[in-house]
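Observations on the three-dimensional arrangement
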Amino acid sequence: MIGLILSFGIGLGLLIFLLLVWRRSQSVSPEGSGQKLIDARHALQRLQTGLLPAEFVGRLFNHEDWDYVKSSAPTDVQKQFLRERKRISISWVRRVRTEVLELRRFHLGQSRFQEGLSLRTEIRVGLSFTSLLLSCRMLELFLWLRGPYAVSRALRSTTRAAEQVCAISGRSLAFLAARGFDALGKDSQRLRVTS
Amino acid sequence: MLSKTIWLVGLLLEAAILMQSLRSGLFRRFPVFYTYLFCVLVSSAGMWFVQKEPWPYFLFYWISQPVMIFLGYGVVLEIMHHALIHYPGAERFARVSGFLVFAILFSALAASWLLARNPFALDPWYNHLEVLERDFRMVQAIFLVLIAIVVIYYRIELGKNVQGLLFGLGIYVSVSIMSPELRLYFDTKFETAYRELQSVTYLATLCIWAVALWSTAEVPVPPRSAAIEADYERMAERIRDRLRSARSYLRKAVSE
């Protein structure tokens, strides 16, 4: 019985992975290297400027707005406000997740060419990306279940996390963008000197 | 009747693929694969002529099988080499993890053999050569899965030739693993069905190879960035630091 399960597990697993390779090959654009360059440049641009500014995030999760609406607006307006804030905050987390995905795509796109690639580093970076993406998913679920104003402590933490993610990603992307753009368009030797 | 028709069609397809490789020059690009296919053609044709004499037939079969399995591993390595030829980083990743998988698998097999608790049922290998073949195919399948994972993870574009080789061999190996196990588990109840399934799958594999290897296909290679290449470790380390900090803040937000 163990043999049967093993054989079917490996055999069907192989078929599933082949199917995934085939699906991926259908979605890969057939353009040549020029298109790849443009894609890389666009990805970097999105990474650099795509994340929402910190003040917007602070405003999104700010209690003052909610306090004002709660004190001066009727119940249905309060409900609508909460609904809208919840929708916007979830959209924001999704946006952050998309940007992290772009960052991962960029990293993989570059690391596949590295002759000095380290398996340990790759696994570490891969785990970091995966856990951050999972955290985004959990935050999304948290916002969906309890809303941005459900618990004040969590809200503060969420705001802090939002600001931190923006700041951290911003720094990270600035580093990548500087390297990436220069590398895409300029002489690599000169870059090494300036860095 | 059906199995003989499949056998004959298979022989013709193998001959056609080999002939076409001479015209397209693909035999120079995939020497191991075409050697493998040539050996399959020779053994199949030989078995066709001695099919009514049981002893020479089985001798032919059991001599050719180990050669095919050995060359099959060569084909897997050839697929890996051609799939990742322009991506040294991904190739290194696949090679190192391949060695790790290989070491783990064979350590596990050796340990289980020493403890006489072989989960792959290798213990009666001397009278179950089919099981032994299946076990070798399993290792082959694990390597093919590894190649598929690297191709998916690093978004590697495969050319039509390599893709065809991978799919053809993958489908055949997959069915070769599953059908003997069904035969062992359900005894001889569906004997004919299993045998036909394997034959039909092999024919499908030959069709995939014939289509994919009819002509040479080039793969566009994405440009690489020299500056980022030089700073791989630095880039990876900094990305990891940023992600670690971001993750800790997000986790705090969720847990509080």
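Residues numbered from 1 in each chain as written. Chains lettered and ligands numbered in written order. Predicted model: local features only at pLDDT ≥ 70, side-chain atom pairs only at ≥ 80, totals over all residues. Heavy atoms only, no water.

Looking only at helices and strands, chain B has ten helices and zero strands in total. Out of the 256 residues belonging to chain B, those deemed buried represent 50%. Counting only contacts in chain B whose residues sit at least 6 apart along the sequence, the fraction spanning at least 24 positions is 75%. (Helix = DSSP H or I, 4+ residues; strand = E, 2+ residues; numbered from the N terminus. Buried < 20%, exposed > 50% of the residue type's maximum accessible area, 1.4 Å probe, protein only. Contact = heavy atoms within 4.5 Å.)

What follows covers the overall build of chain A. Helix and strand counts for chain A stand at eight helices and zero strands. Starting at the N terminus and walking to the C terminus, you meet the elements of chain A as α-α-α-α-α-α-α-α. Relative to its 195 residues, chain A shows a buried fraction of 45%. For chain A, the accessible surface area stands at approximately 10,500 Å², while carbon and sulfur atoms represent 57% of it. (Areas by Shrake-Rupley, 256 points an atom, 1.4 Å probe, with all protein chains shown as cover.)

Let us look at the nonpolar core. Residues Phe 33, Ile 79, Leu 144 and Trp 209 of chain B are the most contacted members of the largest nonpolar core, which totals 62 residues. For this core, the secondary structure elements donating two or more residues are helix H1 (2-27) of chain A together with helix H1 (2-24), helix H3 (31-49), helix H4 (54-83), helix H5 (88-114), helix H6 (129-153), helix H7 (160-185) and helix H8 (191-212) of chain B. Top element by residues in this core is H6 of chain B. It accounts for eleven residues. Taken together, domain 1 (1-30) and domain 2 (33-194) of chain A each give at least three residues to this core, which thus spans both. Excluding residues within four positions of it along the chain, Phe 33 of chain B makes contact with Val 75, Glu 78, Leu 165, Trp 209 and Leu 213 of chain B. In this structure, Phe 61, Ile 90, Leu 132 and Leu 143 of chain A belong to the second largest nonpolar core, which totals 16 residues. (Core = buried A, V, L, I, M, F, W, Y, C linked by side-chain atoms within 4.5 Å. Domains from an automatic or database assignment.)

So, about unusual backbone geometry. Positioned with a positive phi, Arg 155 of chain B is a non-glycine residue whose angle comes to about 50°. Take Arg 155 of chain B: it is sitting in the loop between H6 and H7.

Residue and element names in this part refer to chain B. Locating Ala 16 in the fold gives a position in helix H1. Under the relative-accessibility criterion, Ala 16 is labelled partly exposed at 30%. Remark: the alpha-carbon pair of Ala 16 and Trp 214, spanning 198 residues in sequence, is separated by 9.4 Å.

Next up on the list: a nonpolar patch on the surface. On the surface, Met 1 and Ile 5 of chain A together with Tyr 185 and Phe 186 of chain B cluster together into a nonpolar patch covering about 430 Å² of accessible area. With a relative accessible area of 58%, Met 1 of chain A lands in the exposed category. (Patch = residues over 30% accessible without salt bridge, like charges linked within 9 Å, V, L, I, M, F, W, Y side chains within 5 Å. Salt bridge = Lys/Arg side-chain N within 4 Å of Asp/Glu carboxyl O.)

Our next topic: the packing of aromatic side chains. Pairs of aromatic rings are described using the distance from one ring centre to the other and the angle between the two planes. All names here are of chain B. This model, assessed by the stated rule, comprises eleven aromatic pairs over all chains. Look at Phe 93 and Tyr 154: their rings are 5.6 Å apart centre to centre, the planes differ by 75°, and that puts the pair in the edge-to-face class. Of this pair, Phe 93 sits in helix H5 while Tyr 154 sits in the loop between H6 and H7; the two residues are 61 residues apart in sequence, bridging distant segments of the chain. Each member of the pair, Phe 93 together with Tyr 154, is buried. Three or more aromatic residues joined by ring pairs form one cluster here, namely Phe 33, Tyr 34, Tyr 36 and Trp 209. (Phe/Tyr/Trp six-rings, centres within 6.5 Å; stacked < 30°, edge-to-face > 60°.)

Residue and element names in this part refer to chain A. Scored by pLDDT, chain A has a mean of 68; 59% of the residues are at 70 or more. Per-element averaging of pLDDT across chain A places helix H8 (residues 188-194) at the bottom with 37 and H1 at the top with 86. pLDDT under 50 marks residues 30-34. Its contacts with residues more than four places away, or in other chains, come to five contacts. (pLDDT = per-residue confidence, 0-100.)

Residue and element names in this part refer to chain B. Packing of H3 against H4 brings their axes to within 9 Å, and their N-to-C directions diverge by 165°. Our classification of the angle between H3 and H4 gives roughly antiparallel. For the element pair H3 and H4, the recorded crossing hand is left-handed. Along its contact with H3, which presents Pro 31, Val 32, Phe 33, Thr 35, Tyr 36, Cys 39, Val 40, Val 42, Ser 43, Gly 46 and Met 47, the element H4 presents Tyr 57, Phe 60, Tyr 61, Ser 64, Met 68, Leu 71, Gly 72, Gly 74, Val 75 and Glu 78. In the contact of H3 with H4, the residues fall into 14 nonpolar, six polar and one charged. (Axes fitted to C-alpha atoms, helices over the stretch in contact; angles between N-to-C directions. Parallel < 35°, antiparallel > 145°, perpendicular 65-115°, else oblique. Left-handed = near helix turned anticlockwise from the far one by under 90°. Nonpolar A, V, L, I, M, F, W, Y, C, P; charged D, E, K, R; others polar.)

Two side chains with opposite charge may pair up if their charged atoms get near one another. Residue and element names in this part refer to chain A. Enumeration over the complete set of coordinates arrives at five salt bridges over all chains. Of the charged contacts in the structure, one is a salt bridge between Glu 84 and Arg 87, with a shortest N-O distance of 2.9 Å. Of this pair, Glu 84 and Arg 87 both sit in helix H5 (residues 75-111), three residues apart, which is roughly one turn of the helix. With a closest N to O distance of 3.2 Å, Glu 140 and Arg 137 form a salt bridge. Of this pair, Glu 140 and Arg 137 are both found in helix H6 (residues 119-146), three residues apart, which corresponds to roughly one turn of the helix. Its relative accessible area of 41% is what places Arg 137 among the partly exposed residues. Ionic contacts of the salt-bridge type, sharing partners, join the residues Arg 94, Arg 137 and Glu 140 into one network.

Moving on, we come to the side chain of Gln 78 of chain A. Residues and elements named next belong to chain A. Within the secondary structure, Gln 78 is located in helix H5. Here Gln 78 falls in the buried class, since its relative accessible area comes to 16%. For Gln 78, the residues in contact, after removing those within four places along its chain, are Trp 66, Val 69, Lys 70 and Ala 73.

Helix-helix packing: each pair is described by the crossing angle between the helix axes and the interaxial distance. Residues and elements named next belong to chain A. Look at H5 against H6: their axes get within 9 Å of each other, and the N-to-C directions meet at 170°. It follows that H5 is roughly antiparallel to H6 by the angle criterion. Taken together, the residues of the contact of H5 with H6 break down into 16 nonpolar, three polar and seven charged.

Quick look at the environment of Gln 114 of chain A now. Within the secondary structure, Gln 114 of chain A sits in the loop between H5 and H6. For the pair Gln 114 of chain A and Phe 129 of chain A, spaced 15 residues apart in the sequence, the C-alpha separation amounts to 19 Å.

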